[in-house]
Amino acid sequence: MKTLIPMPQIGVNEDTAFLIQWLVAPGEPVKKGQALCTVETTKSVVDIEAEQAGHLYPLAAAGSELPVGAPLAVLSTQPATANEIDTWVQNQTPSPNTSDQPSPTRTWTKKAELLAKQHGISLETLLTMHTGPRLEAADAQKLIDQLQAATPEPSTQSSDLVDAPCPSHRIQRILILGGGDGAVQTLDAIAHDPKQRAVAIVDDNKTLWGKTMMGVPIVGGMAKIADLWANHTFDAAIIAISSNLAVRERLFTQWRDFGIPFTNVIAPNVILHSNVSLGSGNLIMANARLGACTSIGDNNFLSAYVNIEHHNKLGSHCTFGPMVSTSGRVSIGDRVIFGAGIFIEPHLTIGSDSTIASGSIIRGNVPAGVIVKTHIQQSHRPK
Amino acid sequence: MAEDERVIVLGEDILDPYGGAFKVTQGLSSQYPQRVWATPISEAAIIGIANGLALRGLRPVAEIMFGDFITLAADQLINHATKFAQMYNGQVSVPITIRTPMGGGRGYGPTHSQSLEKLYLGIPELHIVAPSRFHQPGHLLRQAVLGDDAPVLFIEHKLLYPAQLALPWQIQSSEISDSSGYPAIKVQNASSPADILIITYGGVSLHLPQILENLAQEEISAHAYLPASIHPLNLEPILPTAARCGRILIIEEGPGNFGWSAEAAVQLYDALGPSLKTPIRRLSALPTAIPAARHLEDQVIITPEKIEKTIWEVLFA
């Protein structure tokens, strides 16, 4: 009879132990209780004893580190050859646990399964179409594309019964974020542009939902944007909020990162001189003027009659009241709030996060994060 | 200790030849006999003494033998160490570092296996730092001891002590610097956009290399974000990934109710809003005492099997 001697668990902290030395030569007879080998953990050195008499056949070499439960030796009541021991051990050792491995019977990857689910196509359909050892993500995507090309777009793809989603030749359908006075100005600007059309407004104020503004429906809150986009209801968005810059910036960053394209809405009588560059998400109202070689970042709100002279550099997320006028080569940071009727001398720098009060005349550089106040007293007396 | 002689180490049983219950200080008292102090068995005294040393210009490192015993130091930490700088109008600082091992997985039972850093999250002016499997623990400890003038609770997971720093498998790992001075780590098993984003810290990271490899076998792109500074918590750097991915799992080793994962989830909900594809999922320990028997302990705490199962649920939700 043969018995396997495993590496015992010597300490609760130890998942492995070192086999230091064998105290008995291979094949030698041992008595019950005789020390067979010395094993060391980080805390102690102990002898492993024979639980019964027999001949000892070591399976591990002295000096090796073994996990708890690993085979140390075979104890046989009869002398045995090395071959007999090997054969016996192989029959004892359980087949390695393969449950952690990808199942060999599964013929697809989880990513392929996920793609099928996301496109509402059954995995079985894809597996039937697929020829090859394993259905991988690239195979699945190819088959899904084939299926979708063969099937007409389901009606949920677009809520519009006439327009196809996003053809490049058609006018741009715009979603407006915010349903206040800014939206009225935006709708007015869009109304005069034959290449843009407002299709919906979203606003978190529930009392507005279901109403229309200049004929455009207020369809729900900001949470609705993802659905509207998924249903191809609009081609690009614009933010019509000018009162709260933090909200303006957060909405822009969040939805741009989500993948929503932002457009520029520019009233038709705005004058853009040579070599002006614009980011996206900018609102530029009637009679504004951008001088030659001026560059503008993203998500700015320029009210009517704002004049940004030549070679200006304007950052992102700024708002301008009406009649703000800069001179040449002025540089403006991000999130700057301008009141109404401000004049700025040439070659000045205005730092980010500053606020400039109405009626100011800016004659020197403005550092970041300050409020510029101008004391113009308004008084009244009887006629 | 070689860089700055103001550093003093104190704690229970930390002198040679024993060298501490987890051998972290082994050899230190032989090298710096005047600067490594064995203390009586009083955690309140250890932190109280450390506070006094810090007020007089030293930079003490206090060891609490098991994180479970940090409860005994609560008053010194909450009502003293973290308050002095503001109470005395910035004229003093208390640059103490409290190193302590937390976490289960070793069968140590209910009072030697917990992750009690949770009790200290949210204490103003207390910095809580936890190295993960992917951090350079020495760099973080150096920053806590020499670079941080606030009290630091430095959480060491018991299972990470014997872990090798070298990564066993092709994982892309990048360090993301943080204004706290304790960089976060982002790891990913593919360069493609994330199918799932895992946010966790400390000892849970031990399971990630194997899990990321299993997911890669299934062509799933998994990204994980591991802040070292768990309080204060800055999730700003991961927001773009989180917004694009939209499927997020937050894992915390202790019970998650009223916990770190709840705070992280709320920060993400505030910042991401509707860009989530499925509600943020949290995985944490059961809210009960941790059993000593290993198979029962596994039912209570986080295991790799539970993490993987939850990942599939989030992906297919």
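Think of each chain on its own: its residues are numbered from 1, step by step along the sequence as written. Chain labels run from A onward and ligand labels from 1 onward, assigned in the order the entries are written. Per-residue local features are limited, in this predicted model, to residues with pLDDT of at least 70; the limit for side-chain atom pairs, both in listing and counting, is 80 or more; totals at the level of whole chains, interfaces and linings are taken over all residues. With hydrogens and water excluded, all non-hydrogen atoms of the structure serve as input to the side-chain values.

Chemist: Looking at this model, I keep getting lost on the overall build of chain A. Mind explaining?
Modeler: Helix and strand labels come from DSSP, where a helix needs a run of H or I of at least four residues and a strand needs a run of E of at least two; each type is numbered from the N terminus. Scanning chain A from N- to C-terminus turns up seven helices and 31 strands. Only protein chains enter the calculation, and the probe is 1.4 Å; a residue is then buried if its accessible area is under 20% of its type maximum, exposed if over 50%, and partly exposed in between. Here chain A holds 383 residues, and 39% of them are scored as buried. For chain A, contacts bridging at least 24 residues in sequence account for 37% of all contacts bridging at least 6. Contacts between residues were defined by any pair of non-hydrogen atoms, one from each residue, lying within 4.5 Å.

Chemist: What exactly am I supposed to notice about the overall build of chain B here?
Modeler: Helix and strand counts for chain B stand at 10 helices and 13 strands. Expressed as a percentage of the 317 residues in chain B, the buried residues total 55%. A fraction of 77% describes how many contacts in chain B between residues 6 or more apart in sequence connect residues 24 or more apart. Here, Shrake-Rupley sampling with a 1.4 Å probe gives the accessible areas, and only protein chains in the shown set may cover a residue. Of the roughly 13000 Å² of accessible surface on chain B, a fraction of 55% belongs to carbon and sulfur atoms.

Chemist: I'm lost on the pattern of salt bridges in this one. Help?
Modeler: Oppositely charged side chains can form a pair if their charged atoms are brought close together. Salt-bridge detection follows one rule: a side-chain nitrogen of Lys or Arg within 4 Å of a carboxyl oxygen of Asp or Glu. Taken as a whole and assessed by the stated rule, the structure comprises 18 salt bridges over all chains. Asp195 of chain B serves as the salt-bridge partner of Lys111 of chain A, at 2.4 Å between the closest nitrogen and oxygen. Taken as a pair, Lys111 of chain A in helix H2 (residues 110-118) and Asp195 of chain B in the loop between strand E8 (184-188) and strand E9 (196-199) lie in two separate chains rather than in one. A residue is classified by how much of its surface remains accessible, and Lys111 of chain A, at 17% relative accessible area, is buried. One salt bridge in this structure joins Glu63 of chain B and Arg99 of chain B, with 2.9 Å as the shortest N-O distance. Here Glu63 of chain B, found in strand E3 (residues 59-63), pairs with Arg99 of chain B, found in strand E4 (residues 97-102); they are 36 residues apart in sequence, far enough to count as distant. Relative accessible area serves as the criterion here: at 6%, Glu63 of chain B is assigned to the buried category. By relative accessible area, which is 5% here, Arg99 of chain B ends up buried. In the salt-bridge network here, residues are joined through shared partners; they are Glu249, Arg335 and Asp353 of chain A.

Chemist: Please explain the sheet that holds strand E4 (residues 35-40) of chain A as it appears in this structure.
Modeler: Within a sheet, each strand pairs with its neighbour through backbone hydrogen bonds, oriented either parallel or antiparallel. All names here are of chain A. If you walk across this open sheet you meet the four strands as E5-E4-E2-E7, and the pairing is antiparallel. Strands at the two margins of the open sheet, each flanked by one partner only, are strand E5 (45-49) and strand E7 (65-67). Averaged over neighbouring strand pairs, the angle between their axes works out to 40° when direction is ignored. Note: two strands are recorded as paired if DSSP finds a minimum of 2 bridges between them. Here strand E2 (residues 16-22) runs beside E7; their pairing, made up of three bridges, is antiparallel. By the bridge assignment for E7, Ala17 is matched with Leu66. Here, axes are lines fitted to C-alpha atoms. For helices the fit covers the stretch in contact, and angles between N-to-C directions go from 0 to 180 degrees.

Chemist: Any chance you could explain the interface of chain B and chain A here in plain terms?
Modeler: How big an interface is tends to be expressed through the accessible area that disappears when the partners come together. Contacts between the two partners involve 20 residues from chain B and, on the opposite side, 23 residues from chain A. Here a polar contact means two N or O atoms within 3.5 Å. Within protein one must be a hydrogen donor candidate and the other an acceptor candidate, and residues neighboring in sequence count only if both atoms are side-chain atoms. There are 10 residue pairs in polar contact (both at pLDDT 80 or more) connecting chain B and chain A. Of all the secondary-structure elements, those providing two or more residues to the side of chain B that touches chain A are helix H7 (239-245), helix H8 (260-272) and helix H10 (304-315) of chain B. No other element matches the three residues that H7 of chain B contributes to the side of chain B that touches chain A.

Chemist: What am I meant to see in H10 of chain B here?
Modeler: Because an α-helix completes one turn every 3.6 residues, residues spaced three or four positions apart along the sequence face the same direction. A helix's residues, less one, multiplied by 1.5 Å, set its expected span. Between the first and last C-alpha of H10 of chain B there are 17 Å, a value that for 12 residues agrees with the 16 Å anticipated at 1.5 Å per step. Buried within H10 of chain B are the following residues: Ile307, Thr310, Ile311, Trp312, Val314 and Leu315 of chain B. Where H10 of chain B is buried, its residues meet H2 of chain A together with E9, helix H6 (208-217), strand E12 (248-255) and strand E13 (281-285) of chain B.

Chemist: Any chance you could explain the environment of Gly291 of chain A here in plain terms?
Modeler: Structurally, the position occupied by Gly291 of chain A is in the loop between strand E18 (289-290) and strand E19 (295-296). Here the alpha-carbon distance between Gly291 of chain A and His310 of chain A, two residues 19 residues apart in the chain, equals 3.9 Å.

Chemist: How do you make sense of the nonpolar core when you look at a structure like this?
Modeler: Across soluble globular proteins, nonpolar side chains have a tendency to be buried as a group. The definition of a nonpolar core used throughout is a set of buried Ala, Val, Leu, Ile, Met, Phe, Trp, Tyr and Cys residues joined through side-chain atoms within 4.5 Å. Counting 50 residues, the largest nonpolar core has Ile96, Tyr120, Ile199, Ile248, Ile250 and Leu268 of chain B as its most contacted members. Domain delimitation in this document rests on an assignment produced automatically or drawn from a domain database. Residue contributions to this core reach at least three from each of two domains, namely domain 1 (7-160) and domain 2 (173-315) of chain B. Setting aside residues no more than four positions away along its own chain, Ile96 of chain B makes contact with Ile47, Ala50, Asn51, Ala54, Pro60, Leu77, Ala81, Ala150, Pro151 and Val152 of chain B. Counting 42 residues, the second-largest nonpolar core is a separate cluster that includes Ile176, Val216, Leu290 and Ile344 of chain A.

Chemist: Honestly, the sheet that holds strand E28 (residues 349-350) of chain A in this entry has me stumped. Any pointers?
Modeler: All names here are of chain A. What the five strands build is an open sheet, ordered E16-E19-E22-E25-E28; its pairing is parallel. In this open sheet, the two edge strands, each paired with only one partner strand, are strand E16 (277-278) and E28. Where E19 and strand E22 (residues 313-314) come together, two bridges link them in parallel fashion. Pairing of Ile296 across the sheet is with Leu314, part of E22.

Chemist: In this structure, what is going on with the pairing of E9 of chain B? I would like to understand it.
Modeler: Within a regular strand, side chains alternate between the sheet's two faces. Residues and elements named next belong to chain B. Burial along E9 is two-sided: Ile196 and Ile198 and Leu197 and Ile199, pointing in opposite directions, are all buried. As paired elements, E9 and strand E10 (residues 222-226) share four bridges and run parallel to each other. The residue of E10 that forms the bridge with Ile199 is Tyr225. We call a crossover right-handed when, viewed with both strands directed away from the observer, the connection leading from the first strand over the helix to the second proceeds clockwise. Read as a crossover between parallel neighbours, the route from E9 over H6 to E10 is right-handed. With three bridges joining them, E9 and E12 adopt parallel strand pairing.

Chemist: Explain unusual backbone geometry here, please?
Modeler: Trans is the prevailing form of peptide bonds, just as negative phi is the prevailing case for residues other than glycine. With an omega of 10°, the peptide bond running from Asp16 of chain B to Pro17 of chain B counts as cis. Mapped onto the elements, Pro17 of chain B comes out in the loop between strand E1 (7-11) and helix H1 (28-31). Residue Pro232 of chain B follows His231 of chain B across a cis peptide bond; omega there is 0°. Checked against the element boundaries, Pro232 of chain B lands in the loop between strand E11 (229-231) and H7. At Met214 of chain A, a position not held by glycine, the phi torsion is positive, near 50°. Position of Met214 of chain A relative to the elements: it lies in the loop between strand E11 (212-213) and strand E12 (216-220). The phi torsion at Asp13 of chain B lies on the positive side, around 60°, for a residue other than glycine.

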